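# Observations on the model geometry
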Amino acid sequence: MKIESQLAQIGSIKEPVTGAVNFPIYQATAFRHPKLGESTGFDYARTKSPTRSVLEEAAAQLEAGDAAFACSSGMAALQTIFALFSQGDHLIVSLDLYGGTYRLLERIMTRFGVTASYVDTNDIDAMSELCTPNTKAVLIETPTNPLMMITDIERVASWAKARGLLTIVDNTLLTPFFQRPLELGCDIVIHSATKYLGGHNDVLAGLIVTKGKELSAEMAFLHNSIGAVLGPQDSYLLMRGMKTLALRMERHQYNATTIANYLLKHESVEEVYYPALPHHPGHEIQNKQSSGNTGIFSFRLKDARYVEPILRHIKLIAFAESLGGVESLMTYPAVQTHADIPLEIRQAIGVDDRLLRFSVGIEHADDLIADLEQALAAAKREIGEEL
Ligand SMILES: *Cc1c(COP(=O)(O)O)cnc(C)c1O
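If you're wondering where the values come from, they're calculated on a predicted model, not measured in any experiment. (Residues numbered from 1 in each chain as written. Predicted model: local features only at pLDDT ≥ 70, side-chain atom pairs only at ≥ 80, totals over all residues. Heavy atoms only, no water.)

On to the environment of Leu95. Within the secondary structure layout, Leu95 lies in the loop between β2 (90-94) and α4 (99-108). Leu95 sits in the partly exposed class, given a relative accessible area of 24%. Along the chain, Leu95 and Ala256 lie 161 residues apart, while their C-alpha atoms are 24 Å from each other. Apart from the residues within four sequence positions on either side, Leu95 is in contact with Tyr118, Val119, Asp120, Ile345 and Ile349. (Helix = DSSP H or I, 4+ residues; strand = E, 2+ residues; numbered from the N terminus. Buried < 20%, exposed > 50% of the residue type's maximum accessible area, 1.4 Å probe, protein only. Contact = heavy atoms within 4.5 Å.)

What follows is the structure, encoded as C-alpha coordinates:
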(Lines give C-alpha, C1' and ligand atoms only; values in the text may rest on other atoms or scores of the structure.)
Protein backbone atom coordinates (compact mmCIF):
# COMPACT_ATOMS: atom_id res chain seq x y z
CA MET A 1 0.00 0.00 0.00
CA LYS A 2 1.25 3.52 -0.75
CA ILE A 3 2.22 5.70 2.19
CA GLU A 4 -0.62 8.21 1.57
CA SER A 5 -3.15 5.40 2.10
CA GLN A 6 -1.33 4.03 5.15
CA LEU A 7 -1.37 7.50 6.70
CA ALA A 8 -5.04 8.26 6.03
CA GLN A 9 -6.06 4.87 7.44
CA ILE A 10 -4.06 4.98 10.70
CA GLY A 11 -6.12 3.20 13.34
CA SER A 12 -9.28 3.17 11.27
CA ILE A 13 -9.74 -0.58 10.77
CA LYS A 14 -8.61 -1.75 14.15
CA GLU A 15 -11.50 -1.13 16.55
CA PRO A 16 -13.23 -4.50 16.76
CA VAL A 17 -16.32 -3.79 18.86
CA THR A 18 -18.17 -0.79 17.40
CA GLY A 19 -16.32 -0.36 14.11
CA ALA A 20 -15.46 3.25 15.03
CA VAL A 21 -13.52 4.75 12.12
CA ASN A 22 -11.16 6.54 14.50
CA PHE A 23 -9.49 4.37 17.06
CA PRO A 24 -10.82 5.47 20.48
CA ILE A 25 -8.93 6.85 23.46
CA TYR A 26 -8.59 4.05 26.01
CA GLN A 27 -8.21 6.11 29.15
CA ALA A 28 -7.20 3.17 31.35
CA THR A 29 -4.02 2.22 33.16
CA ALA A 30 -5.06 -1.24 34.44
CA PHE A 31 -6.49 -4.20 32.49
CA ARG A 32 -8.39 -7.15 33.97
CA HIS A 33 -6.78 -10.58 33.61
CA PRO A 34 -9.15 -13.31 32.34
CA LYS A 35 -7.57 -15.76 34.82
CA LEU A 36 -4.29 -16.61 36.49
CA GLY A 37 -1.52 -16.77 33.93
CA GLU A 38 -3.64 -15.16 31.18
CA SER A 39 -3.63 -11.65 29.78
CA THR A 40 -5.58 -9.76 27.11
CA GLY A 41 -2.19 -8.53 25.94
CA PHE A 42 -2.63 -5.46 28.12
CA ASP A 43 -1.67 -5.49 31.80
CA TYR A 44 -0.50 -2.05 32.86
CA ALA A 45 -0.46 1.02 30.64
CA ARG A 46 3.23 1.90 31.01
CA THR A 47 4.11 -1.42 29.38
CA LYS A 48 1.40 -1.41 26.72
CA SER A 49 -1.72 0.67 26.18
CA PRO A 50 -4.33 0.21 23.39
CA THR A 51 -4.39 3.70 21.82
CA ARG A 52 -0.62 3.99 22.03
CA SER A 53 -0.21 0.51 20.50
CA VAL A 54 -2.15 1.50 17.39
CA LEU A 55 0.07 4.57 16.98
CA GLU A 56 3.21 2.45 17.52
CA GLU A 57 2.17 -0.15 14.94
CA ALA A 58 1.53 2.63 12.41
CA ALA A 59 4.91 4.27 13.13
CA ALA A 60 6.76 0.95 12.72
CA GLN A 61 5.02 0.34 9.38
CA LEU A 62 5.62 3.88 8.06
CA GLU A 63 9.34 3.78 8.88
CA ALA A 64 9.75 0.17 7.69
CA GLY A 65 10.87 -0.91 11.17
CA ASP A 66 10.13 -3.92 13.38
CA ALA A 67 8.85 -2.02 16.42
CA ALA A 68 8.02 1.50 17.52
CA PHE A 69 7.79 3.19 20.90
CA ALA A 70 5.82 6.34 21.60
CA CYS A 71 7.40 8.65 24.18
CA SER A 72 6.28 11.75 26.04
CA SER A 73 8.54 14.00 23.93
CA GLY A 74 11.36 13.86 21.40
CA MET A 75 13.83 14.37 24.25
CA ALA A 76 12.26 11.47 26.19
CA ALA A 77 12.74 9.31 23.07
CA LEU A 78 16.41 10.34 22.84
CA GLN A 79 16.95 9.72 26.57
CA THR A 80 15.43 6.24 26.18
CA ILE A 81 17.72 5.51 23.21
CA PHE A 82 20.79 6.77 25.11
CA ALA A 83 19.97 4.31 27.90
CA LEU A 84 21.26 1.63 25.50
CA PHE A 85 24.74 2.88 26.39
CA SER A 86 26.86 2.30 29.50
CA GLN A 87 29.68 4.01 31.31
CA GLY A 88 32.69 4.45 29.04
CA ASP A 89 30.71 4.26 25.81
CA HIS A 90 31.32 6.87 23.11
CA LEU A 91 29.10 8.25 20.35
CA ILE A 92 29.90 10.04 17.08
CA VAL A 93 27.35 12.78 16.46
CA SER A 94 26.42 15.33 13.75
CA LEU A 95 28.09 18.68 14.35
CA ASP A 96 25.07 20.91 13.58
CA LEU A 97 22.85 19.24 16.16
CA TYR A 98 19.47 20.05 17.72
CA GLY A 99 20.33 22.12 20.83
CA GLY A 100 18.33 19.93 23.23
CA THR A 101 20.14 16.78 22.06
CA TYR A 102 23.49 18.48 22.57
CA ARG A 103 22.42 19.56 26.06
CA LEU A 104 21.24 16.03 26.97
CA LEU A 105 24.53 14.52 25.78
CA GLU A 106 26.85 17.11 27.31
CA ARG A 107 25.12 17.99 30.58
CA ILE A 108 23.44 14.69 31.50
CA MET A 109 24.89 11.69 29.66
CA THR A 110 28.43 12.78 30.60
CA ARG A 111 27.43 12.27 34.28
CA PHE A 112 26.91 8.60 33.41
CA GLY A 113 30.25 8.37 31.63
CA VAL A 114 28.79 8.38 28.10
CA THR A 115 30.66 10.83 25.86
CA ALA A 116 30.17 12.19 22.36
CA SER A 117 32.36 13.68 19.62
CA TYR A 118 30.84 16.10 17.11
CA VAL A 119 31.86 15.94 13.49
CA ASP A 120 30.72 16.70 9.95
CA THR A 121 29.20 13.29 9.21
CA ASN A 122 30.08 13.63 5.52
CA ASP A 123 33.74 13.47 6.49
CA ILE A 124 34.24 9.72 6.78
CA ASP A 125 38.00 10.14 7.41
CA ALA A 126 37.33 12.40 10.39
CA MET A 127 34.78 9.90 11.68
CA SER A 128 37.26 7.03 11.35
CA GLU A 129 39.81 9.05 13.30
CA LEU A 130 37.33 9.64 16.12
CA CYS A 131 36.26 6.00 16.28
CA THR A 132 37.70 4.17 19.31
CA PRO A 133 37.08 0.65 20.67
CA ASN A 134 34.54 2.32 23.00
CA THR A 135 32.54 3.90 20.16
CA LYS A 136 29.10 2.29 20.03
CA ALA A 137 26.96 4.38 17.72
CA VAL A 138 26.65 7.23 15.22
CA LEU A 139 23.82 9.72 15.65
CA ILE A 140 22.95 11.85 12.63
CA GLU A 141 20.46 14.50 11.71
CA THR A 142 19.87 15.05 8.00
CA PRO A 143 18.98 17.73 7.12
CA THR A 144 20.46 19.41 10.18
CA ASN A 145 18.74 22.33 11.78
CA PRO A 146 19.23 25.22 11.20
CA LEU A 147 21.93 24.95 8.50
CA MET A 148 20.26 22.15 6.54
CA MET A 149 23.44 20.14 6.05
CA ILE A 150 22.82 16.79 4.34
CA THR A 151 24.52 13.51 5.26
CA ASP A 152 24.64 10.49 2.96
CA ILE A 153 22.73 8.06 5.18
CA GLU A 154 23.63 4.89 3.26
CA ARG A 155 27.33 5.75 3.33
CA VAL A 156 27.37 6.41 7.09
CA ALA A 157 25.27 3.32 7.85
CA SER A 158 27.59 1.01 5.91
CA TRP A 159 30.68 2.62 7.51
CA ALA A 160 29.09 2.08 10.94
CA LYS A 161 27.99 -1.47 10.21
CA ALA A 162 31.54 -2.44 9.18
CA ARG A 163 32.70 -1.30 12.66
CA GLY A 164 29.85 -2.90 14.59
CA LEU A 165 28.28 0.47 15.47
CA LEU A 166 24.59 1.33 15.56
CA THR A 167 23.34 4.09 13.26
CA ILE A 168 20.67 6.34 14.76
CA VAL A 169 18.91 8.93 12.59
CA ASP A 170 16.83 11.84 13.84
CA ASN A 171 14.25 11.93 11.03
CA THR A 172 12.15 14.76 12.49
CA LEU A 173 12.59 17.17 9.59
CA LEU A 174 11.67 14.89 6.70
CA THR A 175 9.31 12.32 8.28
CA PRO A 176 8.81 8.86 6.71
CA PHE A 177 6.76 10.53 3.98
CA PHE A 178 9.99 11.87 2.43
CA GLN A 179 12.77 9.73 3.93
CA ARG A 180 13.03 6.23 5.47
CA PRO A 181 16.49 5.74 7.03
CA LEU A 182 15.86 2.11 8.11
CA GLU A 183 15.53 1.20 4.42
CA LEU A 184 18.98 2.76 3.91
CA GLY A 185 20.67 0.49 6.47
CA CYS A 186 20.16 2.33 9.77
CA ASP A 187 19.13 0.68 13.04
CA ILE A 188 17.10 3.30 14.93
CA VAL A 189 14.98 6.26 13.86
CA ILE A 190 13.92 8.91 16.33
CA HIS A 191 11.31 11.63 15.84
CA SER A 192 10.23 14.66 17.68
CA ALA A 193 6.62 13.92 16.68
CA THR A 194 5.84 17.34 18.15
CA LYS A 195 6.89 18.73 14.77
CA TYR A 196 5.65 17.47 11.36
CA LEU A 197 4.08 14.20 12.47
CA GLY A 198 1.74 15.95 14.93
CA GLY A 199 1.76 18.96 12.64
CA HIS A 200 -0.55 21.32 14.51
CA ASN A 201 1.60 22.80 17.29
CA ASP A 202 -0.66 21.14 19.86
CA VAL A 203 0.91 17.86 21.00
CA LEU A 204 4.33 17.09 22.46
CA ALA A 205 5.49 13.57 21.56
CA GLY A 206 8.43 11.44 20.51
CA LEU A 207 8.79 8.21 18.54
CA ILE A 208 11.50 5.58 18.37
CA VAL A 209 11.47 3.01 15.56
CA THR A 210 13.86 0.05 15.66
CA LYS A 211 15.03 -2.55 13.18
CA GLY A 212 15.97 -6.06 14.33
CA LYS A 213 14.48 -8.42 16.89
CA GLU A 214 17.11 -8.09 19.60
CA LEU A 215 17.34 -4.30 19.43
CA SER A 216 13.53 -4.01 19.44
CA ALA A 217 13.30 -6.21 22.55
CA GLU A 218 15.98 -4.17 24.32
CA MET A 219 14.16 -0.92 23.43
CA ALA A 220 10.86 -2.34 24.72
CA PHE A 221 12.62 -3.12 28.01
CA LEU A 222 14.04 0.42 28.26
CA HIS A 223 10.76 2.10 27.22
CA ASN A 224 8.86 0.25 29.94
CA SER A 225 11.61 0.56 32.57
CA ILE A 226 12.21 4.30 32.09
CA GLY A 227 8.51 5.03 31.64
CA ALA A 228 8.64 8.24 29.57
CA VAL A 229 5.69 6.93 27.55
CA LEU A 230 2.99 8.81 25.63
CA GLY A 231 -0.48 9.02 27.18
CA PRO A 232 -3.65 7.89 25.37
CA GLN A 233 -5.00 11.39 24.63
CA ASP A 234 -1.74 12.54 23.09
CA SER A 235 -1.44 9.24 21.18
CA TYR A 236 -4.86 9.96 19.68
CA LEU A 237 -3.97 13.55 18.80
CA LEU A 238 -0.77 12.43 17.15
CA MET A 239 -2.58 9.83 14.99
CA ARG A 240 -5.15 12.44 14.03
CA GLY A 241 -2.36 14.73 12.88
CA MET A 242 -0.52 11.98 11.01
CA LYS A 243 -3.56 11.16 8.88
CA THR A 244 -2.95 14.36 6.86
CA LEU A 245 0.87 14.16 6.83
CA ALA A 246 1.11 13.55 3.07
CA LEU A 247 -0.98 16.61 2.16
CA ARG A 248 0.79 18.81 4.65
CA MET A 249 4.33 17.79 3.64
CA GLU A 250 3.60 18.44 -0.03
CA ARG A 251 2.27 21.90 0.77
CA HIS A 252 5.13 22.68 3.21
CA GLN A 253 7.59 21.69 0.48
CA TYR A 254 5.86 23.77 -2.20
CA ASN A 255 5.64 26.86 0.05
CA ALA A 256 9.21 26.54 1.33
CA THR A 257 10.61 26.15 -2.20
CA THR A 258 8.62 29.13 -3.49
CA ILE A 259 9.65 31.37 -0.60
CA ALA A 260 13.29 30.21 -0.55
CA ASN A 261 13.53 31.22 -4.22
CA TYR A 262 11.92 34.60 -3.45
CA LEU A 263 14.39 35.30 -0.59
CA LEU A 264 17.38 34.19 -2.65
CA LYS A 265 16.73 37.14 -4.98
CA HIS A 266 16.00 39.65 -2.23
CA GLU A 267 18.50 42.53 -1.89
CA SER A 268 18.67 42.23 1.94
CA VAL A 269 19.40 38.48 1.93
CA GLU A 270 22.92 37.10 1.56
CA GLU A 271 22.25 33.34 1.45
CA VAL A 272 19.42 30.81 1.71
CA TYR A 273 20.08 27.33 3.13
CA TYR A 274 17.57 24.91 1.63
CA PRO A 275 18.46 21.54 0.07
CA ALA A 276 15.83 21.92 -2.67
CA LEU A 277 17.89 24.78 -4.16
CA PRO A 278 20.27 23.46 -6.84
CA HIS A 279 23.26 25.41 -5.45
CA HIS A 280 22.88 23.77 -2.00
CA PRO A 281 25.93 21.52 -1.35
CA GLY A 282 23.71 18.62 -0.24
CA HIS A 283 21.21 18.92 -3.12
CA GLU A 284 22.24 15.74 -4.98
CA ILE A 285 22.52 13.48 -1.93
CA GLN A 286 19.18 14.80 -0.69
CA ASN A 287 17.57 13.91 -4.04
CA LYS A 288 19.16 10.46 -3.98
CA GLN A 289 17.99 9.45 -0.51
CA SER A 290 14.72 11.35 -0.05
CA SER A 291 11.62 11.81 -2.14
CA GLY A 292 11.12 15.45 -1.14
CA ASN A 293 12.16 18.40 0.97
CA THR A 294 11.22 19.63 4.39
CA GLY A 295 9.27 22.83 5.07
CA ILE A 296 11.99 24.63 6.98
CA PHE A 297 14.97 26.58 5.76
CA SER A 298 17.33 29.25 7.08
CA PHE A 299 18.53 32.47 5.53
CA ARG A 300 21.34 34.86 6.33
CA LEU A 301 20.68 38.57 6.16
CA LYS A 302 23.24 41.04 4.83
CA ASP A 303 23.11 43.02 8.07
CA ALA A 304 22.51 41.79 11.64
CA ARG A 305 20.60 45.00 12.38
CA TYR A 306 17.72 43.77 10.17
CA VAL A 307 16.95 40.91 12.57
CA GLU A 308 15.22 42.82 15.37
CA PRO A 309 12.87 44.90 13.16
CA ILE A 310 11.99 41.90 10.95
CA LEU A 311 10.93 39.86 13.99
CA ARG A 312 8.92 42.87 15.24
CA HIS A 313 7.20 43.54 11.88
CA ILE A 314 6.17 40.04 10.76
CA LYS A 315 2.42 39.68 11.31
CA LEU A 316 1.13 36.51 9.66
CA ILE A 317 4.37 34.67 10.47
CA ALA A 318 4.72 34.24 14.23
CA PHE A 319 8.01 34.89 16.02
CA ALA A 320 8.13 31.58 17.91
CA GLU A 321 10.28 28.52 18.47
CA SER A 322 9.36 25.06 17.20
CA LEU A 323 8.75 23.95 13.63
CA GLY A 324 6.68 21.63 11.50
CA GLY A 325 3.19 22.93 12.27
CA VAL A 326 0.57 24.27 9.88
CA GLU A 327 1.24 27.81 11.12
CA SER A 328 4.37 29.62 9.90
CA LEU A 329 6.95 30.35 12.62
CA MET A 330 10.21 32.22 12.48
CA THR A 331 13.01 31.88 15.02
CA TYR A 332 16.45 33.34 15.72
CA PRO A 333 18.65 30.27 16.37
CA ALA A 334 21.67 32.06 17.88
CA VAL A 335 19.67 33.26 20.88
CA GLN A 336 16.83 30.70 21.00
CA THR A 337 17.02 27.07 19.85
CA HIS A 338 20.83 27.00 19.80
CA ALA A 339 21.60 29.06 22.92
CA ASP A 340 22.87 25.92 24.71
CA ILE A 341 25.47 25.24 22.05
CA PRO A 342 28.82 26.91 22.83
CA LEU A 343 29.70 30.01 20.79
CA GLU A 344 32.80 28.39 19.18
CA ILE A 345 30.73 25.48 17.82
CA ARG A 346 27.92 27.80 16.69
CA GLN A 347 30.39 30.02 14.85
CA ALA A 348 32.19 27.04 13.32
CA ILE A 349 28.97 25.77 11.77
CA GLY A 350 27.63 29.22 10.88
CA VAL A 351 24.80 29.81 13.35
CA ASP A 352 25.59 33.52 13.60
CA ASP A 353 23.70 36.69 14.48
CA ARG A 354 22.45 37.22 10.90
CA LEU A 355 20.76 33.82 10.56
CA LEU A 356 16.99 33.36 10.77
CA ARG A 357 15.14 30.03 10.54
CA PHE A 358 11.76 29.87 8.91
CA SER A 359 9.33 26.99 9.48
CA VAL A 360 7.02 27.56 6.54
CA GLY A 361 3.39 26.65 7.27
CA ILE A 362 0.59 25.70 4.92
CA GLU A 363 -0.85 29.21 4.46
CA HIS A 364 -0.91 30.58 0.88
CA ALA A 365 2.64 31.33 -0.31
CA ASP A 366 1.53 34.75 -1.66
CA ASP A 367 0.42 35.86 1.79
CA LEU A 368 3.66 34.66 3.39
CA ILE A 369 5.74 36.47 0.75
CA ALA A 370 3.68 39.65 1.26
CA ASP A 371 4.34 39.44 5.01
CA LEU A 372 8.09 38.99 4.46
CA GLU A 373 8.14 41.78 1.87
CA GLN A 374 6.64 44.32 4.26
CA ALA A 375 8.80 43.20 7.23
CA LEU A 376 12.03 43.35 5.17
CA ALA A 377 11.04 46.77 3.76
CA ALA A 378 10.24 48.09 7.24
CA ALA A 379 13.60 46.80 8.56
CA LYS A 380 15.48 48.46 5.72
CA ARG A 381 13.61 51.74 6.30
CA GLU A 382 14.40 51.73 10.03
CA ILE A 383 18.06 50.91 9.53
CA GLY A 384 18.31 53.53 6.79
CA GLU A 385 16.93 56.12 9.15
CA GLU A 386 19.53 55.17 11.78
CA LEU A 387 22.43 55.68 9.39
C1 LIG B 1 12.27 19.41 18.59
C2 LIG B 1 13.33 18.45 18.25
C3 LIG B 1 13.75 17.48 19.16
C4 LIG B 1 13.19 17.41 20.58
O5 LIG B 1 11.86 17.03 20.57
P6 LIG B 1 10.77 17.52 21.67
O7 LIG B 1 9.52 16.91 21.17
O8 LIG B 1 10.77 19.01 21.67
O9 LIG B 1 11.22 16.98 22.98
C10 LIG B 1 14.73 16.57 18.76
N11 LIG B 1 15.25 16.62 17.52
C12 LIG B 1 14.87 17.55 16.62
C13 LIG B 1 15.48 17.55 15.25
C14 LIG B 1 13.91 18.49 16.94
O15 LIG B 1 13.53 19.41 16.04
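Structure's up, so let's keep going.
All right, on to the domain arrangement of the protein chain then. Domain assignment breaks the protein chain into domain 1 (3-242) and domain 2 (245-382). Here the C-alpha centre of domain 2 lies 26 Å away from the C-alpha centre of domain 1. At the junction of the two partners, domain 1 supplies 37 residues and domain 2 supplies 43 residues. Both faces considered, domain 1 and domain 2 share a buried interface measuring about 3500 Å² in area, 61% of it formed by carbon and sulfur atoms. Sorting the residues of domain 1 by area buried against domain 2 places Leu147, Phe178 and Tyr196 first, and these three jointly supply 23% of that buried surface. (Domains from an automatic or database assignment. Buried area = accessible area lost by both parts, 1.4 Å probe.)

Following the criterion strictly, the structure yields ten salt bridges and no others. Note that Arg52 is salt-bridged to Glu56, the shortest N-O span being 3.0 Å. Of this pair, Arg52 and Glu56 both sit in helix α2 (residues 50-62), four residues apart, which is roughly one turn of the helix. Comparing Arg52 with Glu56, the two get one shared label, buried. (Salt bridge = Lys/Arg side-chain N within 4 Å of Asp/Glu carboxyl O.)

Strand order in the open sheet made by the five strands is β8-β9-β12-β11-β10, with mixed pairing throughout. Only two strands of the sheet have a single neighbouring strand rather than two, namely β8 (269-273) and β10 (318-319). Inspection of the sheet shows strand β11 (residues 329-331) paired to strand β12 (residues 355-359) by three bridges, in the antiparallel sense. From the neighbouring strand, Thr331 faces β12, where its bridge partner is Arg357. (Pairing = 2+ DSSP bridges.)

Taking 1.5 Å of rise per residue, 20 residues should cover 28 Å, and helix α10 (residues 245-264) covers 28 Å from first to last C-alpha, within 8% of that figure. Buried within α10 are the following residues: Leu245, Ala246, Arg248, Met249, His252, Gln253, Asn255, Ala256, Ile259, Ala260, Tyr262 and Leu263. (Expected span 1.5 Å × (residues − 1).)

A relative accessible area of 10% places Glu56 in the buried class. The residues contacting Glu56, other than those within four sequence positions of it, are Ala68, Phe69, Ala70 and His223.

Let's shift gears to helix α9 (residues 232-242). Residues of α9 that are buried include every one of Pro232, Ser235, Leu238, Met239, Gly241 and Met242, and no others. Looking at the buried positions of α9, the neighbouring elements they touch are α1 (3-8), α2 and α10.

Our next topic: the nonpolar core. One finds Leu7, Leu55, Met127, Val138, Trp159, Phe177 and Leu238 to be the most contacted residues of the largest nonpolar core, which totals 54 residues. Three or more residues apiece are contributed to this core by two domains, here domain 1 (3-242) and domain 2 (245-382). If we ignore the near neighbours within four places in the chain, the residues touching Trp159 are Ile92, Ile124, Met127, Ser128, Cys131, Val138 and Leu165. (Core = buried A, V, L, I, M, F, W, Y, C linked by side-chain atoms within 4.5 Å.)

With that settled, consider the packing of aromatic side chains. In total, this model carries seven aromatic pairs according to the counting rule given. Aromatic pair Phe177 and Phe178: ring centres 5.0 Å apart, planes at 45°, arrangement tilted. For the pair formed by Phe177 and Phe178, the shared burial category is buried. A connected cluster of aromatic rings, assembled from ring pairs, spans Tyr274, Phe297, Phe299 and Phe358. The ring of Phe42 is capped by Lys48, whose NZ or CZ atom sits 4.8 Å from the centre of that ring. (Phe/Tyr/Trp six-rings, centres within 6.5 Å; stacked < 30°, edge-to-face > 60°. Lys NZ or Arg CZ within 6 Å of the ring centre and 35° of its normal.)

Moving on, we come to the packing of α2 against α9. Two numbers describe a pair of packed helices, the interaxial angle and the distance between the axes. It is the contact of α2 with α9, at a shortest axis distance of 8 Å, that shows an interaxial angle of 40°. Judged by the angle between their axes, α2 and α9 are oblique. The handedness of the crossing between α2 and α9 is left-handed. Residue-level contacts link Thr51, Arg52, Val54, Leu55 and Leu62 of α2 to Pro232, Ser235, Tyr236, Leu238, Met239 and Met242 of α9. (Axes fitted to C-alpha atoms, helices over the stretch in contact; angles between N-to-C directions. Parallel < 35°, antiparallel > 145°, perpendicular 65-115°, else oblique. Left-handed = near helix turned anticlockwise from the far one by under 90°.)

It is worth spelling out the environment of Leu238 at this point. Residue position: Leu238 is located in helix α9. In this structure Leu238 comes out as buried when scored by relative accessible area, which is 0%. Distance from Leu238 to Arg52, taken between C-alpha atoms, is 9.8 Å for residues 186 residues apart in sequence. For Leu238, the contacting residues outside a window of four places in its chain are Leu55, Ala193, Leu197, Gly198, Val203, Ala205 and Leu230.

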